[in-house]
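# Architecture at a glance
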Amino acid sequence: PSVDCVQPVPNGPSSMGLWMSVLLPVFSLVHATQDCAPEHPALIVYNRVPKTGSTSLRAMIEDLQFEKDYYLITSTDWMLWDRFSPSQLASWEAKVCEQLEDNRRVIFDQHMRLFLPRCADKSVTAINMLREPVHHFVSSYYFSLRSPSTSFSSLRARLGDQSTWSIDECFQHSSQCVWLSDPEGAPRFRNLQTMFLCGHADACDAHTEEALDLALANMNTVYTAVGILENVSDFLFVLSHKLPAFFESTSNNISTHARKHRNHNPHAGPPPSPATAAAITRLNHLDMRLYAATRANMESMLAACRACPTPLKAPPNIGKER
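Thresholds, definitions, all that
Residues numbered from 1 in each chain as written. Predicted model: local features only at pLDDT ≥ 70, side-chain atom pairs only at ≥ 80, totals over all residues. Heavy atoms only, no water. Core = buried A, V, L, I, M, F, W, Y, C linked by side-chain atoms within 4.5 Å. Buried < 20%, exposed > 50% of the residue type's maximum accessible area, 1.4 Å probe, protein only. Helix = DSSP H or I, 4+ residues; strand = E, 2+ residues; numbered from the N terminus. Contact = heavy atoms within 4.5 Å. Phe/Tyr/Trp six-rings, centres within 6.5 Å; stacked < 30°, edge-to-face > 60°. Lys NZ or Arg CZ within 6 Å of the ring centre and 35° of its normal.

So, about the nonpolar core. With 62 residues, the main nonpolar core has Leu43, Phe108, Tyr141 and Trp179 as its most contacted residues. Top contributing element to this core by residue count: helix 4 (residues 133-146), with 7 residues. The residues contacting Tyr141, other than those within four sequence positions of it, are Gln162, Trp165, Ser166, Ile167, Cys170 and Trp179. Ranked by size, the runner-up nonpolar core spans 26 residues in total, among them Cys36, Ile107, Met129 and Leu239.

Structure follows, in structure tokens:
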């Protein structure tokens, strides 16, 4: 495919509806992931994956809302990682869509699996950011054991003295390491990035090819862009071109925001040995493949956006819904 700069797509992606992550690939909403056509949705869903730099990106989004004149919906609920029932999804949809009645542009930010609300005739899209899976798993291990967060207090109580173990000690004593089998430990974090992009279908709770296929389909047809933490500046560059009404700004650099280390774990332990890293790679084989595909997609989109000297402006009346 050509990486030439292309013309704007009116209104960006259309609303996929509440059940898009259940019914894919029945729906056929397709983003041209290798071009840089700007999109102008009324709503962006950022279903941010824990421990991928999402707190820093969210801080930037929070600050940009005043400059870019959009409304940010966020939640203090951190542990909404499981699949939702139809009634739970409907409840979240109502909460989010209500905000579009009084606000022209909205970003909805939450640690949760992907869902796209159906808000009347409003156009909706999603963004996300992933992290190299071994680093993500190790960071999650130390965060759940040693961070100042109280979200894992019950897990730490069950771990006892093991809460001081390094990631290598845990894997070297895998039959005794409580974290590897505890529901709030490794089972919660294993292939978590795939589960977040997969959504709420039954298959999204299984570590199978079907879950990965759904996550990849969502990345290519639902998300405007999925970046990677290791190249976050490239991701911000793409967002400034693809979603200019929200991200076109001279200040869209995470390092300029004072809260960038707000969720940093000061008690992280040593990195894994090669043997432990290999074991983590096998455990997170879906995330490894999803991350590779995400990197390739972002490189293609970045090449297209670099062909555009400045973000393309929206045609009149695009993205002007109330």
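Don't stop here, the text continues.
Here the distance between the centres and the angle between the planes together describe a pair of aromatic rings. Following the criterion strictly, the structure yields 11 aromatic pairs and no others. Judged by centre distance (5.3 Å) and plane angle (40 degrees), the ring pair of Tyr70 and Phe246 falls under tilted. Of the two residues, Tyr70 sits in the loop between helix 2 (54-68) and strand 2 (71-73) while Phe246 sits in helix 11 (residues 244-247), which places them 176 residues apart along the sequence. In this pair, the class of Tyr70 matches that of Phe246, namely buried. Seen in terms of ring centroids, Trp179 and Phe189 are 6.2 Å apart; in terms of plane orientation they differ by 15 degrees. Their pairing is stacked. Pair noted here: Trp179 is in the loop between helix 6 (167-172) and helix 7 (186-189) and Phe189 is in helix 7, with a separation of 10 residues, a long-range link. For Phe189, a relative accessible area of 1% corresponds to the buried category. Grouping aromatic residues by their ring pairs yields a cluster made of Trp81, Phe137, Tyr141, Tyr142, Phe143, Phe152, Trp179 and Phe189. When the ring centre of Trp92 is taken as reference, the NZ or CZ atom of Lys95 above it lies at 4.8 Å. In this arrangement the basic side chain of Arg105 is found over the ring face of Phe246, its NZ or CZ atom lying 5.8 Å from the centre.

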